[in-house]
Amino acid sequence: MVLFVSQVVQAQAPRTEGWLSSPGIVGTMVLLAIVLFIAALIITAQVGRMLKETKDKRAARLAEAELSAEELARKKAARQYKLRGDELGGRAPAFDAKALVAKASSEPDNPLVEEKIYSRARLEVAPELQRVVVWYLAASVFWLVFGTLVGQYLGLKFVWPDLDGQAWLSFGRLRPVHTNTVFWGWASLAMIGLGYFVIARTSATRIFSYRLAWWGFGLINGSVVIGNLCLMAGINNGGGEYREYIWPVALLFALGLMITFRNFYGTVKRRTIPEIYVSNWYILAALVWTIVLATIGYLPWYQDGLGETVIQGYYMHMGVGMWFMTFSLGLTYYYLPSALNKPIYSYSLGVLAFWTQMLFYTLIGTHHFIFAPLPWWLQTVAIVFSVGMFIPVFAGTTNFLMTMRGSWSAIGKSYVLPFFLVGVVYYCVGSSQGSFQALRFTNHIWHFTDFNVAHSHMTMYGIITFLMWACMYALLPKVTGREPSQVLVGAHFWLAFIGLFAYTVSLMAGGTVKGLAWMEGVPFIETVIATRGYWAWRAIGGSLMFLSHLLFAWNFYCMVRKPRAVTQHAALEPQMA
């Protein structure tokens, strides 16, 4: 039977002739070109700002050379004047006593006052909520540094495989430590911490229970600590990727999610406004789907043979798409328009993207097992629904980019928008590339190669991580009153962006070389030797990314240490409907 299946697969397997002209390959090249274009756009904006500042300073020096000593003294004194910080805010009602204002407008398309991106306004946040948000985010930053330190060490092992001889430091034990830490420690805690602020703010009420928030915090962190110790000790759930934690440890995480959902739902239920903002749709749906996913992924009754394979594809892809992607999109629907102080471009597009995400993403897990001994119709359904994912991806990307419309000048003035921009572009690029990769020909070339590692970093890092950073840089200064150094934020951005690009492109190229060689029957060990150069670039890119995480940890510390007192009210919130 095995021989028969092997012969059928080989008979239907694509050949390498004309591989460059296949739709998946061409589409992937176009997507990489889009990333390069965005990089060039950001560089042009930043360099243009620097040149303009240099030109203005030179003009100012030339002008000052012609001033008298008295005029220079007055100008120096004027430079030393500082605003109190409450000139544009306060509790008193506004009154134009001299009738100087003919018309006031708060419309975002007003050409004179289109946006207020750089408001130094402090948000009045309940101290209990502020502590919850900061502690969740602080724990996530710790797990980011720890998890990527493990990943950095593993990347070096590809270049120097004899780096150590300890069993608990072996690749097979540390690799799941890296993936599970950044999944359940970094990204999950960051999303939930940012989500607590969104849920309370868009519901215009207090969190249902702060006690439940701390219980969730303890359970999720406890699952990551215990789970990693078990993995390094060789105690795991077998070969299920991203579910290597044994079921008692996974149960702690699932309980943390259940408590979080109860808290979020209870907060939304007693909201003081009639509408439910679209962010809450995504956030609550992500929690529901993930609780269901954890249950299905760990029930033992169908975890044998091909049933386990089908469940693994479902669990692995749903974990990324219905937990991380859905939750992150919900956060972006709040923090992006909030940072720009304008409403989301289209509520209808948000609803379209939400429901098509719910429809198409739930049936694409089997595209990880094209040409496997699974039903051909099931593989075809996964491919069709993978192509269907173009609808929510393009709807969401259009919504975010159109919300940014008119704000492109901010690219050269602040790094908050560039973080959002890269996250949104990678959302389009990474998700579209996944749809291209689901096609049978490209799947045959790239599957089981390093290309999959590049794709996973393009999505989990390029999308999720960049969006988390953008949301944190947008929120924390308004909550704590402390801004990080823009130089260090810029260094964080470029190290992460360049490192990610070097990491993904090198592994994409190496994976393509390896896949084509396998199709031509080249011995496996020869393809390993041919990939060593690409692995070196992987280590270089990973090192840049890890350095950026250290800078981010310092920036985070600078933003949360000793929050300043509130001096003025919040800026306008994004529209709720």
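In this text, all values refer to a predicted model and were calculated from it rather than measured experimentally.

K.L.:
Kindly report on the overall build of the chain, identifying the contributing residues and their values.
P.N.:
Each helix and strand counted, the chain has 18 helices and 0 strands in total. Across the 577 residues in the chain, those meeting the buried criterion constitute 53%. In the chain, 85% of the contacts between residues at least 6 apart in sequence involve partners at least 24 apart. By element, 68% of the accessible surface of the chain is carried by carbon and sulfur atoms, the whole surface being about 26,700 Å².

K.L.:
So what's going on with empty space enclosed by the protein? Which residues, and what values?
P.N.:
A probe as big as a water molecule, rolled over the atoms, marks out the empty space that is left. What the rule picks out here adds up to 3 cavities of 30 Å³ or more. Volume-wise, the largest cavity comes out at about 160 Å³. If you go around the largest cavity, you meet 14 residues; those closest to its centre are W184, A250, F253, Y298 and Y315. Of the residues assigned to the lining of the largest cavity, the class counts are 11 nonpolar, 2 polar and 1 charged.

K.L.:
Describe in detail the side chain of S140, supporting the description with residues and values.
P.N.:
In this fold, S140 is placed in helix α4 (residues 127–159). Classification of S140 as buried rests on a relative accessible area of 0%.

K.L.:
Describe helix α10 (residues 347–360), naming the residues involved and giving the relevant values.
P.N.:
Side chains of residues three or four places apart in an α-helix project in the same direction, reflecting 3.6 residues per turn. Here α10 contains 14 residues, and its C-alpha end-to-end distance of 20 Å stays within 8% of the 20 Å for a straight helix at 1.5 Å per residue. Among all positions of α10, only G350, A353, F354, T356, Q357, M358 and F360 are buried. Each element contacted by the buried residues of α10 is listed here: α8 (278–298), α9 (305–340), α11 (376–388), α12 (390–404) and α13 (416–438). The N-terminus of α10 is capped by S346, whose side-chain oxygen sits 3.4 Å from the backbone nitrogen of S348.

K.L.:
Before we move on, could you go through the pattern of salt bridges and cite the residues and values that matter?
P.N.:
Side chains that differ in sign of charge can pair as their charged atoms come close. Taken as a whole, this structure holds 4 salt bridges when the rule is applied. The partner of R175 in a salt bridge is E241, and the shortest N-O contact between them spans 2.9 Å. With R175 in helix α5 (residues 171–203) and E241 in the loop between α6 (210–232) and α7 (247–269), the pair connects residues that are 66 residues apart, well separated along the chain. Two residues, E308 and R243, come together in a salt bridge whose shortest N-O distance is 3.0 Å. On the criterion of sequence distance, the pair formed by E308 in helix α9 and R243 in the loop between α6 and α7 is long-range, its members being 65 residues apart. On the basis of relative accessible area, E308 is assigned to the partly exposed category, the value being 24%.

K.L.:
How would you explain the environment of T44 if you had to name every residue and give the values?
P.N.:
Considering the arrangement of structural elements, one finds T44 in helix α2 (residues 23–64). Taking C-alpha positions, T44 is 9.4 Å from I411, a pair spaced 367 residues apart along the chain. At 2.7 Å, the side chain of T44 forms a polar contact with the backbone oxygen of A40.

K.L.:
Please give an account of the packing of α5 against α6 that cites residues and values.
P.N.:
Axis separation between α5 and α6 bottoms out at 9 Å; the angle between their running directions is 170°. Classified by the angle their axes make, α5 and α6 are roughly antiparallel. The segment α5 lies against α6, with R173, L174, P176, V177, N180, T181, W184, G185, L189, I192 and Y196 engaging A213, I220, N221, V224, N228, L231 and M232.

K.L.:
Before we move on, can you summarise the environment of L174 with the specific residues and values?
P.N.:
Within the fold, L174 resides in helix α5. Classification of L174 as buried rests on a relative accessible area of 4%. Apart from residues lying up to four places away in sequence, L174 is in contact with V150, Y153, L154, W168, L169 and M232.

K.L.:
How would you sum up helix α16 (residues 486–519)? Please name residues and give values.
P.N.:
Taking 1.5 Å per residue as the helical rise, α16 with its 34 residues ought to reach 50 Å, and the 49 Å between its terminal C-alpha atoms agrees with that figure. In the segment just after α16, G521 is the residue with positive phi, at about 85°.

K.L.:
Could you give me a rundown of unusual backbone geometry, with the residues and numbers involved?
P.N.:
Of note in the backbone geometry, A204 takes a positive phi value of approximately 50° without being a glycine. Residue placement: A204 occurs in the loop between α5 and α6. A positive phi angle, near 55°, is found at N341, a position not held by glycine. Relative to the elements of secondary structure, N341 occurs in the loop between α9 and α10.

K.L.:
So, the packing of α13 against helix α15 (residues 450–480): which residues are in play, and what are the values?
P.N.:
At their nearest, the axes of α13 and α15 sit 8 Å apart, and the two run at 155° to each other. One element, α13, and the other, α15, form an angle in the roughly antiparallel class. The two elements α13 and α15 cross, and the hand of that crossing is left-handed.

K.L.:
Tell me about the side chain of H367, and please be specific about residues and values.
P.N.:
You can see H367 is positioned in the loop between α10 and α11. With a relative accessible area of 8%, H367 lands in the buried category. For H367, the side chain forms a polar contact with the side chain of S386, separated by 2.7 Å. Setting aside chain neighbours within four positions, we find H367 in contact with H317, A382, S386, G434, A438 and N443.

K.L.:
Help me get a handle on the packing of aromatic side chains, residues and values and all.
P.N.:
Counted according to the given criterion, the structure contains 49 aromatic pairs. Ring centres of F158 and F171 lie 5.4 Å apart, and the angle between their planes is 85°; on these two criteria the pair is classed as edge-to-face. With F158 in helix α4 and F171 in helix α5, the pair connects residues that are 13 residues apart, well separated along the chain. The interplanar angle of 80° and the centroid separation of 5.9 Å between the aromatic rings of Y473 and F552 together place this pair among those described as edge-to-face. With a gap of 79 residues between them, Y473 in helix α15 and F552 in helix α18 (residues 532–560) connect regions that are remote in the sequence. With respect to burial, Y473 and F552 carry one shared label: buried. Clustering of aromatic rings is evident, with ring pairs tying together W186, Y415, F419, Y461, F466, W469, Y473, F493, W494, F497 and F552. The ring centre of Y315 lies 5.6 Å from the NZ or CZ of R243, which sits over that ring.

What counts as what
Residues numbered from 1 in each chain as written. Predicted model: local features only at pLDDT ≥ 70, side-chain atom pairs only at ≥ 80, totals over all residues. Heavy atoms only, no water. Helix = DSSP H or I, 4+ residues; strand = E, 2+ residues; numbered from the N terminus. Buried < 20%, exposed > 50% of the residue type's maximum accessible area, 1.4 Å probe, protein only. Contact = heavy atoms within 4.5 Å. Areas by Shrake-Rupley, 256 points an atom, 1.4 Å probe, with all protein chains shown as cover. 1 Å grid on protein atoms, 1.4 Å probe; cavity = no way out; pocket = protein on both sides within 12 Å on 5 of 7 lines; lining within 4 Å. Points joined across faces, edges and corners; volume = space filled by probe spheres on them. Nonpolar A, V, L, I, M, F, W, Y, C, P; charged D, E, K, R; others polar. Expected span 1.5 Å × (residues − 1). Polar contact = N/O pair within 3.5 Å; in protein donor to acceptor, adjacent residues only side chain to side chain. Salt bridge = Lys/Arg side-chain N within 4 Å of Asp/Glu carboxyl O. Axes fitted to C-alpha atoms, helices over the stretch in contact; angles between N-to-C directions. Parallel < 35°, antiparallel > 145°, perpendicular 65-115°, else oblique. Left-handed = near helix turned anticlockwise from the far one by under 90°. Phe/Tyr/Trp six-rings, centres within 6.5 Å; stacked < 30°, edge-to-face > 60°. Lys NZ or Arg CZ within 6 Å of the ring centre and 35° of its normal.

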